[in-house]
Amino acid sequence: MSKTPSFIPSLSADEIAARQTEGLIWTVRHAYENSPHYRTKLDAAGVQPGDIRSLDDLAKLPFTSVEDLRDGYPLPLLSVPEEDVVRIHASSGTTGKRKILAYTQNDIDTWKEMFARCYELAGLTRLDRVQISVGYGLWTAGAGFQLGCERFGAMAVPVGPGNLEMQLALAEDVQATCLCSTASMALLMGEEAEKRGMVDRLALKRCIFGAETHSRKMRESFTEKLGLEDSFDIAGLTELYGPGSALECSAHEGLHYWADIFILEIVDPQTLQPVEPGDVGEMVVTTLKKEAAPLIRYRTRDLSRLLPGACSCGVTMPRHAPIMGRSDDMIIYRGVNIYPGQIADVLEQFPQLSSEYRIFLERREGRDTMAIKVERKAGVDAAGDEECADRFAITLRDKLLARASVEILEPGELPRSFAKSKRVVDDRD
Ligand code: DLL
């Protein structure tokens, strides 16, 4: 077998900075000259392409946000003639209109290289059999995992999500070694494999999972139920090609991101000023070679932090922490700001409960109420439910300063998802 080539460039910090400078200068000129939308924005901010000469000049540039994607819909930020567009992808978007993004062939090729690096970082070889159990079609997920897998040279098994019976039968028949899915889908597969007592017949060693936040508990649960050796959190968003912008390495000390393909800034979402190195803030990305729809200081709404210092795995690409959630996921409940992930954190303290939860918000007689539904783990005695629910509610009150009613359901009773789990049902106005 020919050796798997290395896709991950070993660049020093100076080399990365040089590529970022060159890419930034190119991107601003390209966007200014070819996108009426960017030209108007940059003119309004008093910035001309010639003003951008170094990475320090990034701060002069205006931010781009999801609102900018509405302008020019269905091909927002388009910066190439339409004949150069070879594909579009879309994501549902949290607020109303879907986000559609266009790609040139070079954009697809960049994405492909970026993703091949992810498979390499996750320790795959060309002999791996990669079961791709995320959505194909308009969503970037299936297309991204597939492109990267073929470029890397492993065997893609393009199943798509859903149909657990078929997923497991196929995983057994082809002896798939790597599962690519959301954390929710991996959990579903694990639960089903456990129910059928078939984990010993599976050959899955790794799972590359992403597209949503996950808790340690959720990861431990699917790792154990699927009999995995290791799992890797993968990040990405439609606006930035799709999945594959960053991946955890086997050291599990954060996600390496491809700093020669985009610049990542972390800013305070209120002041839009950079946070102190290592502090949590909103992830803002600027692409360095994206042609069809370049991003200039695009506000992703995702919250994370940079992890300074070198990684013990030896890869020189910088790292960010796992994505903690989206600023627009924040619930304001009786004047307190709560992120769904904080409920997951509380769950970590209750070994008798599963990783799953749902938050229900209602307004009754002018007052907000919050009900949290969690699940007992299989094999745990239901006699302890009442005491456990009381303790959960007290922990929530102490940690989040929020009063909620807590209900403990039977194992597996909460709805499961093949894609991204919906954790919050907000029925307030
Ligand atoms: O979810 C792309 C993707 C597919 C990534 C499969 C990884 C795996 P969108 O539908 O545009 O694209 O949603 C992007 O999902 O802004 C984050 O809020 C969230 N997200 C993506 N990856 C992670 C992750 C895909 N690893 C939005 N952890 C992003 C937490 C994630 N959240």
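None of these values were measured; they are calculated from a predicted model.

Calculation rules
Residues numbered from 1 in each chain as written. Predicted model: local features only at pLDDT ≥ 70, side-chain atom pairs only at ≥ 80, totals over all residues. Heavy atoms only, no water. Core = buried A, V, L, I, M, F, W, Y, C linked by side-chain atoms within 4.5 Å. Buried < 20%, exposed > 50% of the residue type's maximum accessible area, 1.4 Å probe, protein only. Helix = DSSP H or I, 4+ residues; strand = E, 2+ residues; numbered from the N terminus. Contact = heavy atoms within 4.5 Å. Pairing = 2+ DSSP bridges. Axes fitted to C-alpha atoms, helices over the stretch in contact; angles between N-to-C directions. Parallel < 35°, antiparallel > 145°, perpendicular 65-115°, else oblique. Nonpolar A, V, L, I, M, F, W, Y, C, P; charged D, E, K, R; others polar.

K.L.:
Just give me the short version of the nonpolar core, but keep the residues and values in it.
P.N.:
Counting 70 residues, the largest nonpolar core has Leu61, Trp111, Tyr119, Val130, Phe145 and Ile208 as the members making the most contacts within it. Looking at this core, the element that brings in the most residues is helix 4 (residues 105–121), giving 8 residues. Not counting residues up to four positions away in its chain, the partners in contact with tryptophan 111 are Arg87, His89, Tyr103, Thr140, Ala143, Gly144, Leu147, Tyr241, Gly242 and Pro243. Judged by nonpolar contacts, the second largest core, of 24 residues, contains Tyr333, Met370, Leu400 and Ile408.

K.L.:
Talk me through the pairing of strand 18 (residues 353–364); I want residue IDs and the actual numbers.
P.N.:
Two strands pair when backbone bridges link them, and strand 18 and strand 19 (residues 367–376) are joined in this way by 9 bridges, in the antiparallel orientation. Note that in strand 19 the partner of arginine 363 across the bridge is aspartate 368. Between strand 18 and strand 19, which follow one another and run antiparallel, lie 2 residues, and glutamate 365 among them has a positive phi close to 50 degrees. Sheet topology note: the strand 18/strand 21 (residues 424–426) ladder contains 3 bridges and is parallel. Paired with isoleucine 359 across the two strands is valine 424, which belongs to strand 21.

K.L.:
Tell me about the packing of helix 6 (residues 164–174) against helix 7 (residues 183–195), and please be specific about residues and values.
P.N.:
At a closest axis distance of 10 Å, the pairing of helix 6 and helix 7 adopts a crossing angle of 75 degrees. Between helix 6 and helix 7, the interaxial angle falls into the category roughly perpendicular. Here Leu164, Gln167 and Leu168 of helix 6 lie close against helix 7, whose contacting residues are Met185, Leu188, Met189, Glu192 and Ala193. Looking at side-chain class alone, the contact of helix 6 with helix 7 contains 6 nonpolar, 1 polar and 1 charged residues.

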